[in-house]
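Read off the chains here:
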Amino acid sequence: MRPKQPTHKSATLSIRLYPTEKIALKLLAKNCGLSLSDYLRKTGLHQKIKSRFTPEELSIYQMLVDYRNHFSRISNFIKDQLDFKKEVQLVIEKIDHHLNKIRE
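Residues numbered from 1 in each chain as written. Predicted model: local features only at pLDDT ≥ 70, side-chain atom pairs only at ≥ 80, totals over all residues. Heavy atoms only, no water.

**Quick notes on the confidence of the model for the protein**
Any region with low pLDDT has predicted coordinates that should not be read closely. Mean pLDDT over the protein: 82, with 93% of residues reaching 70 or higher. Considering each helix and strand of the protein separately, the mean pLDDT is smallest for helix α4 (residues 82-103), with a value of 81, and largest for helix α1 (residues 19-31), with 90. (pLDDT = per-residue confidence, 0-100. Helix = DSSP H or I, 4+ residues; strand = E, 2+ residues; numbered from the N terminus.)

Shown next, in the form of structure tokens:
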């Protein structure tokens, strides 16, 4: 069981940065959908940070999911042509592999 966390954050920490470093850190935090303090906390504690998908990346991801589903349906319809079915299943496995890499 994990130890209970305090209900609110009350400690503060000040650091000195160059203005360009502050801009860069804010941009990195924004790309991950986090506030600057959340971003710095997670990076300082070596927690995994996932960046958000851009709208274009989201549409490509959804397209890949759709392709996977279509190939799966095609594979289910094929009964007699085993060689072709194996090729379709190989494509499905490759798409699944890439989808899993994206999800990590």
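Continuing now.
**What about a nonpolar patch on the surface?**
A cluster of nonpolar side chains, namely L13, I15, L17 and L40, defines an oily patch on the protein surface of about 390 Å² accessible area. Of note, L40 is situated in helix α2 (residues 36-44). (Patch = residues over 30% accessible without salt bridge, like charges linked within 9 Å, V, L, I, M, F, W, Y side chains within 5 Å. Areas by Shrake-Rupley, 256 points an atom, 1.4 Å probe, with all protein chains shown as cover. Salt bridge = Lys/Arg side-chain N within 4 Å of Asp/Glu carboxyl O.)

**Here we look at the packing of α1 against α2**
A pair of packed helices is captured by two measures, namely the crossing angle of their axes and the spacing between those axes. With their axes 9 Å apart at the nearest point, α1 and α2 run at an angle of 90 degrees to one another. On the basis of the axis angle, α1 is roughly perpendicular to α2. Contacts between α1 and α2 involve L25, K26, L28 and A29 from the first element and L36, Y39 and L40 from the second. Of the residues belonging to the contact of α1 with α2, the class tally is six nonpolar, no polar and one charged. (Axes fitted to C-alpha atoms, helices over the stretch in contact; angles between N-to-C directions. Parallel < 35°, antiparallel > 145°, perpendicular 65-115°, else oblique. Contact = heavy atoms within 4.5 Å. Nonpolar A, V, L, I, M, F, W, Y, C, P; charged D, E, K, R; others polar.)

**Regarding the packing of helix α3 (residues 55-77) against α4**
Following both chains from N to C, one finds α3 and α4 inclined at 155 degrees, their axes separated by 9 Å at the closest point. Between α3 and α4, the crossing angle belongs to the class labelled roughly antiparallel. For the pair α3 and α4, the crossing hand works out as left-handed. On α4, the residues touching Y61, L64, V65, Y67, R68, F71, S72, I74 and S75 of α3 are F84, K85, V88, Q89, V91, I92, I95, D96, H98, L99, I102 and R103. Per-class residue counts for the contact of α3 with α4 are 13 nonpolar, four polar and four charged. (Left-handed = near helix turned anticlockwise from the far one by under 90°.)

**A look at the layout of surface pockets**
In this structure, the largest pocket spans a volume of roughly 330 Å³. As for the largest pocket, its lining consists of H8, K9, S10, A11, T12, L13, I15, S37, L40 and R41. Split by residue class, the lining of the largest pocket holds four nonpolar, four polar and two charged. (1 Å grid on protein atoms, 1.4 Å probe; cavity = no way out; pocket = protein on both sides within 12 Å on 5 of 7 lines; lining within 4 Å. Points joined across faces, edges and corners; volume = space filled by probe spheres on them.)

**Looking at α3**
Its 23 residues give α3 an end-to-end C-alpha distance of 33 Å, which sits within 8% of 33 Å, the value for a rise of 1.5 Å per residue. Buried within α3 we find Y61, V65 and S75. Against α4 lie the buried residues of α3. (Expected span 1.5 Å × (residues − 1). Buried < 20%, exposed > 50% of the residue type's maximum accessible area, 1.4 Å probe, protein only.)

**Quick look at unusual backbone geometry**
At H46, a position not held by glycine, the phi torsion is positive, near 55 degrees. With respect to the helices and strands, H46 occurs in the loop between α2 and α3.

**Thoughts on the pattern of salt bridges**
Under the counting rule described, the total for this entry stands at two salt bridges. Residues D38 and R41 are paired through a salt bridge, measuring 2.5 Å at the closest nitrogen-oxygen approach. Here R41 and D38 lie together in helix α2, a separation of three residues that amounts to about one turn. For D38, a relative accessible area of 26% puts it in the partly exposed group.

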